[in-house]
Amino acid sequence: MNVLEVKNVSKRFGNLVAVRDVSLTVKKGELRAVIGPNGAGKTTFFNLISGFFPPSAGTVIFEDMDVTDLSAQKRVVLGMARTFQITEIFPELSVYENVRIGAESAAGFRLRPWLSAVEKSEIRNLVDETLALCGLTDKAGRLVGELAHGHQRATEIAMALTLRPRLLLLDEPTSGMGDQETYEITQLVRRLHRDSNFTIVLIEHDMRVVFHLADFITVLDQGALLAEGTPKEIEANPAVQAAYLGKAA
Amino acid sequence: MIKGRTSRLLVLAAIWAALIAAPYWMPLFGGYTALGSRVLVLALGAMSVNFLLGFTGTLSFGHAAWFGLGAYGAGFCLKWFALSSPLGLLAGTLLGGIAGTLLGALLVRRRGVYFAMVTIAFGQVFYYIAFQWSSVTGGDDGLRGFSRQPLHLGFTTIDLLNNADAFYYFVLVCFAAAVGLMGFILRSPFGRTMIAIRENERRARFLGIPVELHIWIAFSLSCFFMAFAGALYAELNNFADPRVLHYALSGDFVIMAVMGGMRTFWGPLLGAIVFVVLQDYLSSVTVNWMSFIGILIVLIVLFFPRGILGLIRQRSAA
């Protein structure tokens, strides 16, 4: 079954065409990487999928439902969660509180004046499980704003996971991180994909990470689709090499 | 953890003990009971503003509108409809709260300065209505000819009008109920979404929270609390005039919240105490009392941006 079908989307900002006629199909359980040189339109493309802004043309279909005109918030409710290149968290709250807000929202408790004891323990269990999955159990009581960058990113991923998303969108999950942090986040994404069977689309510039993780790779260049295939095919593709090494070819 | 909880309970107990005993210790410092009632009413207003400012991150600069509508609502009720202090409070709360809820729907898409500007505009609309519509509101002279009524409890009757202490405790009970409800809301799942919106609106949206709806609800709740405070204010003074709707008063509430510490629950109470007591004392010494309060605000904002209570918290944490 296809979780995500993007059909011929384009996005114009005035005269600039940031994304030009790109299509993409992601199957259930797949891990897809979107790569490309700086300014290739990767993040814009992500924003079109997650509903940050609407496309100028084309359609976005999520689990056989046309979501092109739905707001970002409605897409989240349908089961699409995302993280951002610049971590978006609640800095003055603890890790536990950050993740709990996601869990309560996903459980449909966001307007509730109180929770029953059973509901409270359900939320607590979900939060504890998610924290354990993301390796944050010993950080639960710390303020997120005081944590290292890698743990902040892990918290953001944990928040997205509490939504039990059927499509997880990760925008450069290892950006700005050192080797050790990059390794930890890569391992986390791998666990989510292999063990928990999440369908994931991620943008990444670190090629080690991409070739290590991805089932399929989509390459964008100057807003357009340049190539698509398995890591091996992409590695051997002359057009991709040219795009990354310069316009000589 | 346990230490934190114990010290929090101790602070709470100290706050309520001080408020309950106020009529007995205030005279020792040159205070009087009616001043205590005034502090409580304005503190409730400041806490209502802070419910929105400190916990949803949305600055309303026109909250006096709902405070003033609450005051006029209570006045109208006591003057024309029912001679009952609680019904007056109810009428004021409903008038201000419902008006705030309806108009709030128009501003939830505005943010920051634009939100503040539109709230000022709404406030001034009501100010000029009250100012011009003399036949109903009494115009510039204010709404007169009503007074708070004795409270009938079945087994006994409490004279709220002539017994200042009795009225203080009536206000304190109202204050406690409103503040308790506020604290309860802030600790609920809904309250946590308010804090989420304050902390990071984009993240809140991408957790599936419809941000506009939640801001609207928080705004409406804040308006009801504000109108309740305004209704108490009318019964405190047995009078309402257009100044209770003016944006200068909105500014006073914001100042109390910022001075006391807007990220804290009790900060605005502290801010209101400092503001009202200083105003009472300084205005008997000089007509330029506002400039002294102004200097104090500048100093606090410059040196203790988290307010007086924020400073105390920092000290005790260090």
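Per chain, residue numbering runs from 1 following the sequence as it is written. Each chain takes a letter, starting from A, and each ligand takes a number, starting from 1, following the order in which they are written. Side-chain atom pairs in this predicted model are given and counted only at pLDDT of 80 or more, local residue features only at pLDDT of at least 70, and totals for whole chains, interfaces and linings cover all residues. Heavy atoms throughout the structure, all of them, feed into the side-chain values; hydrogens and water do not.

Trainee: How should the overall build of chain A be read in this particular structure?
Mentor: Along chain A, the regular secondary structure elements total nine helices and ten strands. Here the radius of gyration uses the C-alpha set of atoms, whereas the globule reference equals 2.2 Å times the residue count to the power 0.38. The C-alpha atoms of chain A give a radius of gyration of 18 Å, which matches the 18 Å a tight globule of 249 residues would have. Counting only C-alpha atoms and orienting by the principal axes, one finds that chain A spans roughly 65 × 40 × 35 Å. For every residue, the accessible area (1.4 Å probe, protein chains only) is compared with the maximum for its type, and the residue is labelled buried under 20%, exposed over 50%, or partly exposed between those bounds. In chain A, which comprises 249 residues, the share counted as buried stands at 54%. For chain A, the computed accessible surface area is about 11000 Å², with 51% contributed by carbon and sulfur atoms. For the purpose of counting charges, residues Lys and Arg are taken to be positive, whereas Asp and Glu are taken to be negative. His and the chain ends are not included. The atoms used to mark charge sites are NZ of Lys, CZ of Arg, CG of Asp and CD of Glu. Computed over 27 positive and 31 negative side-chain charges, the inter-centroid distance for chain A is 3 Å. Counting from the N terminus, the helices are the DSSP runs of H or I reaching at least four residues and the strands are the DSSP runs of E reaching at least two. Residue-level accessible areas treat just the shown protein chains as cover; the underlying method is Shrake-Rupley with a 1.4 Å probe.

Trainee: It is not clear to me how the overall build of chain B should be interpreted in this structure. Could you clarify?
Mentor: A count of helices and strands for chain B gives 15 helices and two strands. Taking 2.2 N^0.38 as the reference for a compact globule, 318 residues should give roughly 20 Å; the C-alpha atoms of chain B span a radius of gyration of 19 Å, in line with that estimate. C-alpha extents for chain B along the principal axes are approximately 50 × 45 × 45 Å. Sorting the 318 residues of chain B into buried and exposed places 54% on the buried side. Residue contacts are defined here by distance: any two heavy atoms, one from each residue, within 4.5 Å place the two residues in contact. Partitioning the intrachain contacts of chain B with sequence separation of at least 6 by distance along the chain shows that 78% fall at a separation of at least 24. With an accessible surface of roughly 14500 Å², chain B has 69% of that area assigned to carbon and sulfur atoms.

Trainee: Looking at this structure, I do not really get the environment of Gly180 of chain B. What am I missing?
Mentor: Residues and elements named next belong to chain B. Counting through the fold element by element, Gly180 comes out in helix H8 (residues 164-186). Overall, Gly180 belongs to the partly exposed group, its relative accessible area being 41%. For the pair Gly180 and Leu59, spaced 121 residues apart in sequence, the C-alpha to C-alpha distance is 22 Å.

Trainee: I tried to follow the sheet that holds strand E6 (residues 80-83) of chain A on my own but got confused; where do I start?
Mentor: Remark on secondary structure: sheet strands pair via backbone hydrogen bonds, oriented parallel or antiparallel. Residue and element names in this part refer to chain A. What the six strands build is an open sheet, ordered E6-E7-E8-E3-E9-E10; its pairing is mixed. Either end of the sheet is taken by a strand with one partner, and the two such strands are E6 and strand E10 (224-229). Pairwise comparison of adjacent strand axes, ignoring direction, gives a mean angle of 15° for this sheet. Across five bridges, the pairing between strand E9 (residues 216-221) and E10 is antiparallel. Bridging across to E10, Leu220 finds its partner in Leu225. Here, axes are lines fitted to C-alpha atoms. For helices the fit covers the stretch in contact, and angles between N-to-C directions go from 0 to 180 degrees. Helix H5 (residues 149-162) rests against E6 and strand E7 (167-171) of the sheet, and its axis sits at about 170° to E6. Against the sheet, helix H6 (residues 179-194) touches strand E3 (31-35), E7 and strand E8 (200-203), its axis set at about 155° to E8. Two strands qualify as a pair provided DSSP detects at least 2 bridges between them.

Trainee: I keep staring at the pattern of salt bridges and nothing clicks. Help me out?
Mentor: Where charged atoms from two side chains of opposite charge approach closely, those side chains can pair. We define a salt bridge as a contact between a side-chain nitrogen of Lys or Arg and a carboxyl oxygen of Asp or Glu at a distance within 4 Å. A full pass over the atoms with the stated rule returns 20 salt bridges over all chains. Put simply, Arg32 of chain A and Glu228 of chain A hold a salt bridge, and the shortest N to O gap is 2.7 Å. A residue pair is termed long-range when its members are at least 10 positions apart, and Arg32 of chain A in strand E3 and Glu228 of chain A in strand E10 qualify at 196 residues. Between Arg166 of chain A and Glu63 of chain A there is a salt bridge, with its nearest N and O atoms 2.8 Å apart. Placement of the pair is Arg166 of chain A in the loop between H5 and E7 and Glu63 of chain A in the loop between strand E4 (57-62) and strand E5 (65-66), with a sequence separation of 103 residues. Within this structure, Arg111, Glu201, Arg205 and Glu212 of chain B form a network of salt bridges that share partners.

Trainee: I'm lost on a nonpolar patch on the surface in this one. Help?
Mentor: Residues and elements named next belong to chain B. Together, Phe292, Ile295, Val298, Leu299, Leu302, Phe303 and Phe304 make up an exposed nonpolar region whose accessible area comes to about 710 Å². Note on placement: Phe303 falls in helix H14 (residues 289-303). Overall, Phe303 belongs to the exposed group, its relative accessible area being 58%. Residues enter patches when their relative accessible area tops 30% and they take part in no salt bridge; the joining distance is 9 Å for like charges and 5 Å for the nonpolar side chains Val, Leu, Ile, Met, Phe, Trp and Tyr.

Trainee: Sorry, what's going on with the domain arrangement of chain A here?
Mentor: The domain boundaries here were taken from an automatic or database domain assignment. As assigned here, chain A comprises domain 1 (11-79 + 165-245) and domain 2 (89-148). Centre-to-centre separation of domain 1 of chain A and domain 2 of chain A, based on C-alpha positions: 27 Å.

Trainee: Just checking my understanding: could you explain the sheet that holds E4 of chain A for this structure?
Mentor: Residue and element names in this part refer to chain A. Strands sit in the order E2-E1-E4-E5 across an open sheet of four strands; the sheet is antiparallel. The open sheet has two free edges, formed respectively by strand E2 (16-27) and E5, since each of these has just one partner strand. By the bridge criterion, eight bridges tie strand E1 (residues 2-13) to E2 in an arrangement that is antiparallel. Opposite Val6, over in E2, you have Leu24 as the bridge partner. Where helix H1 (residues 42-50) meets the sheet, its contacts fall on E1, E2 and E4, and the angle it forms with E1 comes to roughly 120°.

Trainee: Would you explain the nonpolar core in this entry?
Mentor: Within soluble globular proteins, side chains that are nonpolar tend to cluster in buried spots. To form a nonpolar core, buried Ala, Val, Leu, Ile, Met, Phe, Trp, Tyr and Cys residues must be joined to one another through side-chain atoms within 4.5 Å. In this structure, Trp66, Phe67 and Phe175 of chain B are the most contacted members of the largest nonpolar core, which totals 149 residues. Broken down by element, this core gets its largest block of residues, 14 residues, from helix H11 (residues 211-237) of chain B. The next biggest cluster of nonpolar side chains, apart from the first, holds 24 residues, and it includes Val26, Phe45, Met80 and Val201 of chain A.

Trainee: I'm lost on the confidence of the model for chain B in this one. Help?
Mentor: Any segment with low pLDDT has predicted coordinates that should not be analysed in fine detail. Residues and elements named next belong to chain B. The quantity known as pLDDT measures the predictor's confidence residue by residue, on a range of 0 to 100. Mean pLDDT over chain B: 92, with 98% of residues reaching 70 or higher. The weakest mean pLDDT in chain B belongs to helix H15 (residues 307-317) at 80; the strongest belongs to H11 at 97. The ipTM for the predicted assembly is 0.91, set against a pTM of 0.92.

Trainee: Which parts of the structure should I look at to understand the pairing of E8 of chain A?
Mentor: Along any regular strand, the residues point their side chains to alternate faces of the sheet. Residue and element names in this part refer to chain A. Residue alternation in E8 divides its side chains into two sets, Ile200 and Leu202 and Val201 and Ile203, and both sets are buried. Two elements, E3 and E8, share four bridges in a ladder whose sense is parallel. Considered in E8, the bridge of Val34 is made with Ile203. Sheet analysis places E7 next to E8, joined by four bridges and oriented parallel. When the bridges of E8 are listed, Asp171 appears paired with Ile203. Whether a crossover is right-handed depends on one test, that the path from the first strand over the helix to the second runs clockwise when the strands point away from the viewer. For the crossover that starts at E7, traverses H6 and ends in the parallel E8, the hand is right-handed.

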